[in-house]
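The chain contents come next:
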Amino acid sequence: MTILQVPIDPSMQLECQNISFRYPGADTDVFDDLTFQMSGPGFNALFGPSGVGKTSIARMLTGDLDNFSGHLRARRIDRILYSYNLERLPGWSAIGKHLERISTTDQQAKKEQLVDLFGMTPFLGSRFSQLSLGQKNRINLIRYLLQDFHMLVMDESLANVDELTREKIILHMKALFPDKFFVYISHNIIEVSKFCREILVLAGPGHRRPATIVRGQDQHLGQPLEKQHLETTMLEIMNAA
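Residues numbered from 1 in each chain as written. Predicted model: local features only at pLDDT ≥ 70, side-chain atom pairs only at ≥ 80, totals over all residues. Heavy atoms only, no water.

## Digging into helix H4 (residues 133-145)
Compared with an ideal rise of 1.5 Å per residue, which puts 13 residues at 18 Å, H4 spans 19 Å between its outermost C-alpha atoms and is within 8% of the ideal. Of all 13 residues in H4, twelve are buried, a share of seventy percent or more. Listing the buried residues of H4 in full gives Gly134, Gln135, Lys136, Asn137, Arg138, Ile139, Asn140, Leu141, Ile142, Arg143, Tyr144 and Leu145. (Helix = DSSP H or I, 4+ residues; strand = E, 2+ residues; numbered from the N terminus. Expected span 1.5 Å × (residues − 1). Buried < 20%, exposed > 50% of the residue type's maximum accessible area, 1.4 Å probe, protein only.)

Below is the structure:
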């Protein structure tokens, strides 16, 4: 296994070549000679049923999983962060205090903007344990967006958030962070079709095409929805999966 990284550049590329991996003690491979390529910046997606390896790819990107064969290249991508559903914060302080501790002076305006866009302003005085599941995921995502990163892997990071709020968050993230590479993991076929440019559809080992790249609509803030394009993308994803 090799992970090769070079300095950041407006043109980013994530490339996996001949990746094979099996969890210790498992009877089957998660990946068998997986190869794909994604370009950034922007929103790209990993899509597929449970168990096909979406989180495994995320852990490979962050270096938490390294006992695989093949090559993973993050070109012009240096700092990679990973956020996931149901991540926890300590419960001894209000969430507003947590955000204050991780925010520098020049990040205050951005922090306030994100808190407002994510609908979390009324809850800054609450402890993490007092929040709903969707509110917990939103405040965790804000924490990551305030850090220094080139790529953010979002593993069901907006689960339990209502559809309209998710759409608002994603569109504004794309507008506020146009130079960042986002890898969005979701089971929502409409969502990935609407908001992502390249969608890696994983069908799992043993299929004729275990991995396929589908082109999404990549909708941006203020851009009208092309329903015919959306339906075509969803059909391509269903056929690939």
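## Considering the nonpolar core
Phe118 and Leu145 are the most contacted members of the largest nonpolar core, which has 43 residues in total. Among the elements that make up this core, the one with the highest residue count is H4 (five residues). Ignoring any residue separated from it by four or fewer positions in sequence, one finds Phe118 in contact with Arg138, Leu141, Ile142, Leu145, Ile169 and Met173. By size, the runner-up hydrophobic cluster in this structure holds 30 residues, among which are Cys16, Phe31, Leu65 and Tyr82. (Core = buried A, V, L, I, M, F, W, Y, C linked by side-chain atoms within 4.5 Å. Contact = heavy atoms within 4.5 Å.)

## A look at the side chain of Ser83
With respect to the element layout, Ser83 can be found in strand E6 (residues 80-84). Engagement of the side chain of Ser83 in a polar contact is seen with the side chain of Ser157, the distance being 2.6 Å. For Ser83, the residues in contact, after removing those within four places along its chain, are Leu141, Tyr144, Leu152, Val153, Met154, Asp155 and Ser157. (Polar contact = N/O pair within 3.5 Å; in protein donor to acceptor, adjacent residues only side chain to side chain.)

## What about the pattern of salt bridges?
One pass over the structure, following the stated rule, counts ten salt bridges. Note that Arg79 is salt-bridged to Asp148, the shortest N-O span being 3.0 Å. Of the two residues, Arg79 sits in the loop between strand E5 (69-75) and E6 while Asp148 sits in the loop between H4 and strand E7 (151-155), which places them 69 residues apart along the sequence. Put simply, Asp218 and Lys174 hold a salt bridge, and the shortest N to O gap is 2.8 Å. With Asp218 in the loop between strand E10 (211-215) and helix H7 (227-240) and Lys174 in helix H5 (residues 163-176), the pair connects residues that are 44 residues apart, well separated along the chain. According to the relative accessible area criterion, Asp218 is buried, its value standing at 15%. Residue classification places Lys174 among the buried positions, given a relative accessible area of 8%. Residues joined in a network through salt bridges with shared partners are Asp78, Arg79 and Asp148. (Salt bridge = Lys/Arg side-chain N within 4 Å of Asp/Glu carboxyl O.)

## A few points about the environment of Pro224
The topology assignment puts Pro224 in the loop between E10 and H7. For the pair Pro224 and Gly42, spaced 182 residues apart in the sequence, the C-alpha separation amounts to 18 Å. Contact partners of Pro224, with chain neighbours within four places excluded, come to Gln217 and Gln219.

## Things to note about the sheet that holds E10
The sheet built from six strands is open, its strands ordered E6-E7-E8-E4-E9-E10 with mixed pairing. For this open sheet the edge positions go to E6 and E10, each flanked by a neighbour on one side alone. Strand-to-strand, the axes of this sheet are offset by a mean angle of 20°, without reference to chain direction. As paired strands, strand E9 (residues 198-202) and E10 are joined by five bridges and run antiparallel to one another. (Pairing = 2+ DSSP bridges. Axes fitted to C-alpha atoms, helices over the stretch in contact; angles between N-to-C directions.)

## Let's talk about the pairing of strand E4 (residues 42-47)
Judged by how many residues are buried, E4 sits mostly within the fold: six of six residues are covered. In E4, alternate side chains face the same way, and those of Gly42, Asn44 and Leu46 on one face and Phe43, Ala45 and Phe47 on the other are all buried. Relative to strand E8 (residues 181-185), E4 runs parallel, the two being bridged by five bridges. Of the residues in E8, the one forming a bridge with Asn44 is Val183.

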